Amino acid sequence: MSRPTSAFIDLSALKENLKMLSELHQKNADGSQSVGAKTPKIIAVVKANAYGNGAIEVAQAIESRVDLLAIAFAHEALELREAGITKPILVLQGPHQLVDLSLTFSHNLYWMLHTDWQAEALSAFFAEQNKSSQTWFKFDTGMHRLGFGLDDFDRVQHTYKSLWQANTVVCSHLACADEVIQQHAQQQIDKFLQNVEDSDYPRCIANSATHVRFTNARQDYVRLGIAMYGSTPFTAEDSPITLAPVMHFESQIIALRTIPKGDAVGYGATWQAKRESVIATVALGYADGYPRHAPTGTPAYCNGQTIPLVGRVSMDMLTFDVTDLTAVAIGDTVQLWGDKMPINQVADHVGTIGYELMTRVSARVPRVYKKK
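About the criteria used
Residues numbered from 1 in each chain as written. Predicted model: local features only at pLDDT ≥ 70, side-chain atom pairs only at ≥ 80, totals over all residues. Heavy atoms only, no water. UniProt positions renumbered as here; feature names shortened; annotations may be inferred. Axes fitted to C-alpha atoms, helices over the stretch in contact; angles between N-to-C directions. Helix = DSSP H or I, 4+ residues; strand = E, 2+ residues; numbered from the N terminus. Parallel < 35°, antiparallel > 145°, perpendicular 65-115°, else oblique. Left-handed = near helix turned anticlockwise from the far one by under 90°. Contact = heavy atoms within 4.5 Å. Nonpolar A, V, L, I, M, F, W, Y, C, P; charged D, E, K, R; others polar. Buried < 20%, exposed > 50% of the residue type's maximum accessible area, 1.4 Å probe, protein only. Pairing = 2+ DSSP bridges. Right-handed = clockwise from strand over helix to strand, strands pointing away. Salt bridge = Lys/Arg side-chain N within 4 Å of Asp/Glu carboxyl O.

Looking up the protein in an unreviewed UniProt entry gives the name Alanine racemase, with the organism given as Glaciecola petra. Quoted straight from UniProt, the Pathway (unreviewed entry) entry for the protein says "Amino-acid biosynthesis; D-alanine biosynthesis; D-alanine from L-alanine: step 1/1." As recorded by UniProt, the Sequence similarities (unreviewed entry) comment attached to the protein reads in full: "Belongs to the alanine racemase family."

Structure representation (structure tokens):
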């Protein structure tokens, strides 16, 4: 590597987060021991290149510890199968085209169905093949993105009888599980459970935030995504869990210069020094996935201290004010986010969420995997 920029991926932290989350059903929301709670099956969500952490390496690390892997669309399954991953894969958006169904048995895929055309197509495909696999049906309880209406529950069962087996899973997704006010999420959970209470089909409601916060949403399956990667879906003040960050996004200082009071830094001269200042240039920019709209003051970490971003983000470089560092030199490491600089703290300054920062780290940034 000629450029000192990497995303270090701690697979040990990934496994520890997964272990803690997998055991969470043993506790109530207040932290007390749960008695008689069902043990949900674990779905590890590895869509979007495992949230930017590397789908193949993440899947290889946790395949033996989970029951299913989940991706957004069929194409994301191909690289996993080519890498030798054999765990069943749930396709969360279902088939986008009829040709997708040809991968069902050759790639051991399960489809999350949310429209009539998907259900019709899968019914016809199973009939043509004279075999079937587990089917998942999504129902809309208030997110209003995907899913059959809850009032269609009986119709969908009757219309697509061949798809409804003992292991057919009924699912939903909550809109506000990560919000401080829990009323909307609880209403969605209650609505879903009331509509399916007379059936014995396995159920799946919980994503990371729901699994952490709502005990009665921990049903037969839980979907673990962002929390598995060490970024809490909650605000720092409201988070009921402590997770170990998996991605450590780092580069190095490649230049230092002292500028006089009043001089500007970067394109557009948007930041001017209010004192004589030491400016560090770091070998990383928006082409690497760092957000171009990150404002002055966005924090990073260097030599035991927080340093503020100054000036506009460039394609390949960032500039930080390191005047207050007690010691600084070319080659010093700067962590953009990771164990020293929480990703959500950076996201708060940028006006986004940790999910986006993590997933947008570009392909030109090498992923370096730490296994122990």
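Considering the packing of helix H1 (residues 11–22) against helix H3 (residues 55–62)
Interaxial distance between H1 and H3 falls to 10 Å at its minimum, and their mutual angle equals 55 degrees. Viewed along their axes, H1 and H3 adopt a mutual orientation that is oblique. Remark: the crossing between H1 and H3 carries right-handed chirality. Taken together, the residues of H3 that come into contact with H1 (itself represented by Leu11, Leu14, Lys15 and Leu18) are Glu57, Val58, Ala61 and Ile62. Among the residues making up the contact of H1 with H3, the classes are represented as 6 nonpolar, no polar and 2 charged.

So, the pairing of strand E6 (residues 135–140)
Regular strands place their side chains on alternate faces of the sheet. Among the 6 residues that make up E6, 6 are buried, leaving the element largely enclosed by the rest of the structure. Along E6, one buried face is formed by Thr135, Phe137 and Phe139 and the opposite face, lined by Trp136, Lys138 and Asp140, is buried too. As paired elements, strand E5 (residues 109–113) and E6 share 3 bridges and run parallel to each other. Bridging from a neighbouring strand, tryptophan 111 pairs with threonine 135 of E6. With helix H5 (residues 116–129) bridging E5 and its parallel neighbour E6, the resulting β-α-β unit is right-handed.

With respect to the UniProt feature "modified residue: N6-(pyridoxal phosphate)lysine" (unreviewed entry) in the protein
In the numbering adopted here, UniProt assigns the feature "modified residue: N6-(pyridoxal phosphate)lysine" (unreviewed entry) to Lys47. Mapped onto the fold, lysine 47 is located in helix H2 (residues 47–51). If near-sequence neighbours (up to four positions away) are discounted, lysine 47 is found in contact with Ala70, Ile71, Ala72, Glu76 and Leu92.

Concerning unusual backbone geometry
A positive phi angle is found at alanine 50, which is not glycine, with a value near 55 degrees. Structurally, alanine 50 can be placed in helix H2. At alanine 269, a position not held by glycine, the phi torsion is positive, near 50 degrees. With respect to the secondary-structure elements, alanine 269 resides in the loop between strand E12 (264–265) and strand E13 (271–272).

Some points on the pattern of salt bridges
Note that side chains of opposite charge can pair when their charged atoms are close. Following the criterion strictly, the structure yields 10 salt bridges and no others. Put simply, arginine 155 and aspartate 116 hold a salt bridge, and the shortest N to O gap is 3.1 Å. A residue pair is termed long-range when its members are at least 10 positions apart, and arginine 155 in helix H6 (residues 153–159) and aspartate 116 in helix H5 qualify at 39 residues. Residue arginine 155 is classed as partly exposed on the basis of its relative accessible area, which comes to 32%. Overall, aspartate 116 belongs to the partly exposed group, its relative accessible area being 28%. A salt bridge links aspartate 288 to arginine 364, with the nearest nitrogen and oxygen atoms 2.7 Å apart. Separated by 76 residues along the polypeptide, aspartate 288 in the loop between strand E14 (277–282) and strand E15 (299–302) and arginine 364 in the loop between helix H10 (354–359) and strand E19 (367–370) bring together distant segments of the chain. Overlapping salt bridges, with partners in common, bring together Arg3, Asp288, Asp316 and Arg364 in one network.

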